[in-house]
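A closer look at the structure
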Amino acid sequence: MGKLTRRSYDDLSYDDLGKIDKHRVRIAARCEEPSHRMISRLEGTVIGEIVFDVYFWLTLMTYVVFRVWTETRTTDDDLSGGKFSSASFYLVFFAGFLLSFLLFYISQNNSRYFEFLADTMFLMGRINDAATLAKTTLPIERARRIVRYLNASHVAAYTGLSASYNKKNFFDPLVQKHALLSNSEYEHITGEMNVEKDGAKPTFELITWVMMDIRAAQKEGHMDSNEALQMRTLVLQLRSRIAKIFILRTAPIPYLFIHCLNLLTAGYLPVFAIVIAVETGGEDNIKWVQELVNAMVMLLQTMFIIGLRIVGQQLSDPYGNDIIDLQIMRYVKIILLGSNAILNAENLTPPSLIEETALMYKSDATKKDILESLVDIIKNEETMNDKMEPMNDNTEITTLLSNKEDQFSLC
């Protein structure tokens, strides 16, 4: 896993956030690498965090100290040969209990992580939906204003949600680069409110502006009641999901559970190291083998317990600067560009029925579908133009269809 940077959050710039997200994409692409190549990497792995964990080094030091004490003690008592068998027996049960504790912790945080991801994707979808509806129902200047406010609320939500994304490196650059707020709007959002410490308030303020704009557009006759209802539904879904994210983030796995987990880890690992250290022994000709095997068992067990705990901790908050956290800067840019692309879509003149059928003839549509469409066109032509005699003879229809097919085959 590992931190992408160990600098202060205040030191991260707008460009740094973009580079971090690109780095996350590269790390995520390594999931399909062969296992032998994957385990040879250190960047972006849990090993980078384990080496900075106090319990890891405390366990290693405990093992080394007791191995030295066991080998240099002056008494003749042999501590190996099952003298600590009862302790080993109880440690096995304790390890199973601790493992179940860790797996539950990871499972809960994993569900929490993907719930946050689903909520983030939901916000992106609602903004694009609202932009599409605004483009097709409202004058372009009003549609752009609504989309501006929605995008600004999206940016403000993440600014107040995580210390990684603050006003200096996230909110201000995006607002200025994409012209999301006018000068007076910006002063109101950042002057009268604190967009960093109270991200929910400016976010809901911007969404309220959108709701008032929808009401004004309906009064002016730009939207009917059904279109206004659809737009309000999309905006309120956006607001409620943002509120859910704020509340859920402040309600992680209970601290009592996490404290108990860390306490059990801190107690188990040193005791495990002591038992392994004093149990190591044997004949002189095989002692080095047992020494190596026991040292490896102690090391793997320590990395296993600490590694699982670290994975659970980093899954608990997907809006930070860990390497597995969500790519917020990338997501926001995707929506900013995508919603503006929707607003810039051109309204082309739709093709005629003949042209549509010709395109269908070029596609993989079945012969039956094409012939049915041609019959509909023929009947429409004779009704509209009244230039054709009624065709009750199947032979005449077949001949006409054959002529039409010859025409379309030249397209």
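Notes on the overall build of the protein
Of regular secondary structure, the protein possesses 16 helices and zero strands. Within the protein, buried positions represent 41% of all 411 residues.

A look at the nonpolar core
Judged by nonpolar contacts, the single largest core of 87 residues is most densely connected at Phe170, Phe171, Leu181 and Ile328. Ranked by the residues each element gives to this core, the list is headed by helix α5 (residues 85-137), at 16 residues. In contact with Ile328, not counting residues within four places along its chain, are Asp21, Tyr158, Tyr165, Phe170 and Tyr319.

Re the packing of helix α4 (residues 54-72) against helix α11 (residues 255-279)
Running from N to C, α4 and α11 point in directions that differ by 25°, and their axes come no closer than 8 Å. Taken as axis vectors, α4 and α11 run roughly parallel relative to one another. The interaxial crossing formed by α4 with α11 has right-handed handedness. Of α11, the residues touching α4 (which contributes Tyr55, Thr59, Thr62, Tyr63, Phe66, Arg67, Trp69 and Thr70) are Asn262, Thr265, Ala266, Leu269, Pro270, Ala273, Ile274, Ile276, Ala277 and Val278. Here the contact of α4 with α11 is built from residues that sort into twelve nonpolar, five polar and one charged.

Focus: helix α1 (residues 14-28)
Counted at 1.5 Å a residue, the expected span for α1 with its 15 residues is 21 Å, and the 22 Å between its end C-alpha atoms agrees. Looking only at α1, the buried set comprises Tyr14, Asp16, Leu17, Gly18, Ile20, Asp21, His23, Arg24 and Ile27.

Thoughts on helix α8 (residues 183-191)
Buried residues of α8: Glu185, Tyr186, Ile189 and Thr190, and no others. Take α8 and look down its axis: the buried residues cluster within an arc of 110°, on one side only. Seen from the open side of α8, the exposed residues pointing more than 90 degrees away from its buried face are Asn183, Ser184, Glu187 and Gly191. If you follow the buried residues of α8, they end up packed against α6 (140-159), α7 (167-177) and α9 (200-219).

Points about the pattern of salt bridges
In the structure shown here, the tally under the stated rule is 14 salt bridges. For Asp21, the salt bridge identified is with Arg24, shortest N-O distance 2.9 Å. Of this pair, Asp21 and Arg24 both sit in helix α1, three residues apart, roughly one helical turn. Taken individually, Asp21 and Arg24 each receive the classification buried, so the pair is uniform in this respect. Where Asp317 meets Arg249, a salt bridge forms, and the shortest distance between an N and an O atom there is 3.2 Å. Of this pair, Asp317 sits in the loop between α12 (287-316) and α13 (328-343) while Arg249 sits in helix α10 (residues 225-249), and the two are 68 residues apart along the sequence.

Details of the side chain of Thr302
Within the fold, Thr302 resides in helix α12. Residues in contact with Thr302, not counting those within four places in the same chain, are Phe56, Thr59 and Leu269.

Here we look at the environment of Ile214
When you line up the elements, Ile214 lands in helix α9. In sequence terms Ile214 and Ala134 are 80 residues apart; their C-alpha atoms lie 9.5 Å from each other. Sequence-distant contacts of Ile214, defined by excluding residues within four places in its chain, comprise Ile146, Met223, Ala228, Met231, Arg232 and Val235.

Here's the deal with unusual backbone geometry
The phi dihedral of Ala179 falls on the positive side, at around 50°, and the residue is not glycine. Its place among the elements puts Ala179 in the loop between α7 and α8. On the basis of relative accessible area, Ala179 is assigned to the partly exposed category, the value being 49%.

What to know about the confidence of the model for the protein
On average, residues of the protein score 81 in pLDDT, and 80% of them reach the 70 mark or higher. In this model, residues 1-9 is a region of pLDDT below 50 whose contacts with residues beyond four sequence positions or in other chains number 34 contacts. Below a pLDDT of 50 lies the segment residues 407-411, which in the model reaches eight contacts outside its immediate sequence neighbourhood of four places, other chains included.

So, the environment of Glu141
Residue placement: Glu141 occurs in helix α6. In this structure, the C-alpha to C-alpha distance between Glu141 and Leu343, residues 202 residues apart in sequence, is 9.9 Å.

Considering the packing of aromatic side chains
Going through the model one piece at a time under the given rule, you end up with 14 aromatic pairs. When the centroid spacing of 6.1 Å and the interplanar angle of 70° are considered together, the rings of Phe66 and Trp69 count as edge-to-face. On the criterion of helical spacing, the pair formed by Phe66 and Trp69 is a turn pair, its members being three residues apart in helix α4. By relative accessible area, which is 43% here, Trp69 ends up partly exposed. Each residue in the set Phe97, Phe101, Phe104, Tyr105 and Phe257 is aromatic and connected to the rest through ring pairs, giving one cluster. The cationic tip of Arg126 hangs over the ring face of Phe122; the distance from NZ or CZ to the ring centre is 4.5 Å. Above the face of the Phe204 ring, Arg239 is positioned so that its terminal group lies 5.8 Å from the ring centre.

Rules of the game
Residues numbered from 1 in each chain as written. Predicted model: local features only at pLDDT ≥ 70, side-chain atom pairs only at ≥ 80, totals over all residues. Heavy atoms only, no water. Helix = DSSP H or I, 4+ residues; strand = E, 2+ residues; numbered from the N terminus. Buried < 20%, exposed > 50% of the residue type's maximum accessible area, 1.4 Å probe, protein only. Core = buried A, V, L, I, M, F, W, Y, C linked by side-chain atoms within 4.5 Å. Contact = heavy atoms within 4.5 Å. Axes fitted to C-alpha atoms, helices over the stretch in contact; angles between N-to-C directions. Parallel < 35°, antiparallel > 145°, perpendicular 65-115°, else oblique. Left-handed = near helix turned anticlockwise from the far one by under 90°. Nonpolar A, V, L, I, M, F, W, Y, C, P; charged D, E, K, R; others polar. Expected span 1.5 Å × (residues − 1). Arc of directions from axis to C-beta. Salt bridge = Lys/Arg side-chain N within 4 Å of Asp/Glu carboxyl O. pLDDT = per-residue confidence, 0-100. Phe/Tyr/Trp six-rings, centres within 6.5 Å; stacked < 30°, edge-to-face > 60°. Lys NZ or Arg CZ within 6 Å of the ring centre and 35° of its normal.

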